[in-house]
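# Coordinate inspection notes
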Amino acid sequence: MTDKRYWIWLQLCLGQGAHFLPIIEEYGSVGRLYSADIIDWKMSPSLTAKQVDALAMHVLKEAERIIEICDENNYDIITFEDEAYPKKLRDITNPQ
């Protein structure tokens with residue numbers, strides 16, 4: 001099971017259409033990306049200065065609120081790491 005909070009946080013930070021796979025590959029997981037500090041993010045070849053600013057600006061509480069809203073409305077959240085994530089989407093150049 002994945003920690004959906006980190007995936008939602010990353011989506012909030014980088015926005016729709018962002019290429020997240022190279023970033024996740026560099027850090028090993030979205031949780032490790034979240035746990036890294038701003039110095040590490042600034043040294044990353046996968047992150048732009050604008051992305052580093054966005055990572056620093058967003059807090060996990062925002063993602064937790066989205067999960068609460070989804071739970072209240074019986075919406076499922078499927079992340080890239082979930083087995084339920086569609087294979088055809090996983091295989092495209094920039095999955096979302």
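Everything that follows concerns the structure shown earlier in this document.
Calculation notes
- All residue numbers here refer to positions counted from 1 along the written sequence of the relevant chain.
- In view of the model being predicted, local features appear only for residues whose pLDDT reaches at least 70, and side-chain atom pairs are presented and counted only at 80 or more, with totals across whole chains, interfaces and linings using the full set of residues.
- Water and hydrogen atoms were dropped before computing side-chain values, which therefore reflect all heavy atoms in the structure.
- When a carboxyl oxygen of Asp or Glu lies within 4 Å of a side-chain nitrogen of Lys or Arg, that pair is called a salt bridge.
- Residue exposure (1.4 Å probe, protein chains only): buried if accessible area is under 20% of the type maximum, exposed if over 50%, otherwise partly exposed.
- Working definition: helices are DSSP H or I runs of at least four residues, strands are E runs of at least two. Numbering for both runs from the N terminus.
- Any two residues whose heavy atoms approach within 4.5 Å are treated as being in contact.

### Things to note about the pattern of salt bridges
One pass over the full model with this rule turns up five salt bridges. Notably, a salt bridge pairs R5 with D3, separated by 2.7 Å at the nearest N-O pair. A relative accessible area of 25% means that R5 is categorised as partly exposed. For D3, a relative accessible area of 30% gives the class partly exposed. A salt bridge links R65 to E72; its shortest N-O distance comes to 3.8 Å. The class of R65 is partly exposed, set by a relative accessible area of 40%. What you see here is one network of salt bridges that share partners, running through D3, R5 and E64.

### Comments concerning helix α1 (residues 4-14)
The buried fraction of α1 is high, at eight of 11 residues. Buried residues along α1 sit in contact with α2 (21-27), α3 (30-35), α4 (38-43), α5 (49-57) and α6 (60-72). In the segment just after α1, G15 is the residue with positive phi, at about 80 degrees.

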